[in-house]
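Overview (structure and organization)
Residue-level listing of the chains:
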Amino acid sequence: MKARYGVLCLIPLSLILLISAGCNKSAQAAGGAAPPADVEVINVEQKDVPIYGQWIGTLDGCVNADVKAQVTGYLLKQEYKEGSFVKQGQLLFQIDPRPFQAVLDQANAQLAQAKAQLINSEANQRKSQLDVDRYTPLARDQAASQQDLDNAVQTNLANQATIETTKAAIQAAEAAVETARINLNFTRIVAPIDGIAGIAQNQVGDLVSATSTAVITTVSTVDPIKVYFTPSEQEYLDFNRQYPTQAKIEEQERRMPLDLILADGTTYPHQGRVQFANRQVDQNTGTIRIAALFPNPGNVLRPGGYGQVRAVTRIQNGALLVPQRAVTDVQGTYEVAVVDKDDKVSIRNVKIGDRVGNLWIVTDGLKPGERVVAEGIQKVGPGARVNPKPYTVQTTTNAGL
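Okay, so let's go over this structure. (Residues numbered from 1 in each chain as written. Predicted model: local features only at pLDDT ≥ 70, side-chain atom pairs only at ≥ 80, totals over all residues. Heavy atoms only, no water.)

1. Here's the deal with the pattern of salt bridges
Overall, the coordinates contain twelve salt bridges when judged by the stated rule. Measuring nitrogen to oxygen at the nearest pair gives 3.7 Å for the salt bridge that ties D131 to K127. Placement of the pair is D131 and K127 together in helix α2 (residues 98–140), with a separation of four residues, close to one helical turn. Two residues, D259 and R310, come together in a salt bridge whose shortest N-O distance is 3.5 Å. (Salt bridge = Lys/Arg side-chain N within 4 Å of Asp/Glu carboxyl O. Helix = DSSP H or I, 4+ residues; strand = E, 2+ residues; numbered from the N terminus.)

2. Notes on the environment of A65
Of note, A65 is situated in strand β3 (residues 63–67). Remark: the alpha-carbon pair of A65 and D194, spanning 129 residues in sequence, is separated by 9.9 Å. Setting aside residues no more than four positions away along its own chain, A65 makes contact with P192, I193, T217, T218 and V219. (Contact = heavy atoms within 4.5 Å.)

3. With respect to the nonpolar core
One broad trend across soluble globular proteins is that nonpolar side chains are buried collectively. Judged by nonpolar contacts, the single largest core of 30 residues is most densely connected at Y80, V86, L92, F93, I189 and V219. Elements supplying a minimum of two residues to this core: β3, β6 (91–95), α2 and α3 (146–186). In this structure, V227, F239, I288 and A311 belong to the second largest nonpolar core, which totals 20 residues. (Core = buried A, V, L, I, M, F, W, Y, C linked by side-chain atoms within 4.5 Å. Buried < 20%, exposed > 50% of the residue type's maximum accessible area, 1.4 Å probe, protein only.)

4. Considerations on the sheet that holds β3
Hydrogen bonds between backbone atoms are what pair the strands of a sheet, whose relative direction is either parallel or antiparallel. One open sheet accounts for four strands, arranged β3-β10-β8-β5; its pairing is antiparallel. On the outer flanks of this sheet lie β3 and β5 (85–86), each paired with one strand and no other. Bridging between strand β8 (residues 195–197) and strand β10 (residues 217–221) involves two bridges; their strand directions are antiparallel. Bridge assignment links A197 to a residue of β10, and that residue is V219. (Pairing = 2+ DSSP bridges.)

5. Topic: the packing of α2 against α3
For the pair α2 and α3, the least separation of the axes is 7 Å and the interaxial angle reads 165 degrees. Judged by the angle between their axes, α2 and α3 are roughly antiparallel. Between α2 and α3 lies a crossing whose hand is left-handed. Within the contact of α2 with α3, the residues separate by chemical class into 21 nonpolar, 18 polar and seven charged. (Axes fitted to C-alpha atoms, helices over the stretch in contact; angles between N-to-C directions. Parallel < 35°, antiparallel > 145°, perpendicular 65-115°, else oblique. Left-handed = near helix turned anticlockwise from the far one by under 90°. Nonpolar A, V, L, I, M, F, W, Y, C, P; charged D, E, K, R; others polar.)

6. Structural notes on the side chain of D259
Assignment of secondary structure puts D259 in strand β12 (residues 259–261). Of note is the side chain of D259, whose polar atom sits 3.0 Å from the side chain of Q271. With residues up to four places along the chain from it excluded, the contact list for D259 reads Q271, F294, Q308, V309 and R310. (Polar contact = N/O pair within 3.5 Å; in protein donor to acceptor, adjacent residues only side chain to side chain.)

7. Describing the pairing of strand β15 (residues 306–323)
The side chains of a regular strand alternate, first on one face of the sheet and then on the other. As defined by bridge partners, strand β2 (residues 45–60) adjoins β15 across 13 bridges and the pair is classed as antiparallel. Within β15, the residue paired with P50 across the bridge is I315. Relative to β15, β12 runs antiparallel, the two being bridged by three bridges. Each residue of the ladder has a partner; that of L260, found in β15, is V309. Inspection of the sheet shows β15 paired to strand β19 (residues 359–364) by four bridges, in the antiparallel sense. Paired with V322 across the strands is W360, a residue of β19.

Here it is, written out as structure tokens:
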């Protein structure tokens, strides 16, 4: 009974060993027959490509005119809509004109009084001149005393001096009238230029002063609008090395349109041009400030906004291009999977340069026409055989996007 039980116990173990061995062989056979992994490959392309620079841009008015009070008084009215377009000479604020009108009226009265005094002085001078004319022959004929003639001459000279004094008083009165008229006109605060008027910093009833530095509002010319951006000193020097003369620089600036990427990521439909470069490099940041002008129909862009200025800085001749997704960054070392003519993979270190849209420029490690894995690189390793399929890349040339 025990013997039979022992035999029965050994049979299942043998079966297990046989089944296990068969399974291992099947697994090995299956492993050796695994098909090549499907990957998408693309040929290394060689062509001339533009290299873009991109910088943060700050929008500003082409002209920003601060509006200040020229006389002291109380604001009576605000005659414009904040944020609207105003024309040069358009009334923005009205200061109480009554005190200034009173000063003008007084100055006019003093001018009229001075003119009346001149008429009186001229009449007296004419009378004294007649006395001189009458006493001169009489004194010569001794029909009148020399003292009478001398008195007549002195009176005439005094009347002539009075006329000149009165004329000077008239000029002073006329100047006072003009000053009073100017001050009265200054009670009308008008737009100094065509542009967009900002928010009022004073309200009706506020006392504004000619001695204050406070700005009541600002009017900005925004078409065209100015955009400041700051390339590095190295970029600036590199640009000037490429175009060493002022004529070549100006020609290149005319041929080098600027794109403006707005805050929402869209590209502004109008291109700009460089206006000028600042006279100095910022010692704190190592950058130089460049001003560009962009057309702004409809005044859509406003001062204080931000964007990104983009421009072609140079042309890279014969650049080798691969998709960014074909390049793997391994702790600062860049690698690509290259597929040879036998569809076997080798991992190769490469050096990369500038980015052009969604492509990398490879400066070392690849040759034109070689195939690199762009999709499915995680499936392969060195020496692996693959089933290559073409990869379609959507090329963009907008650097930094």
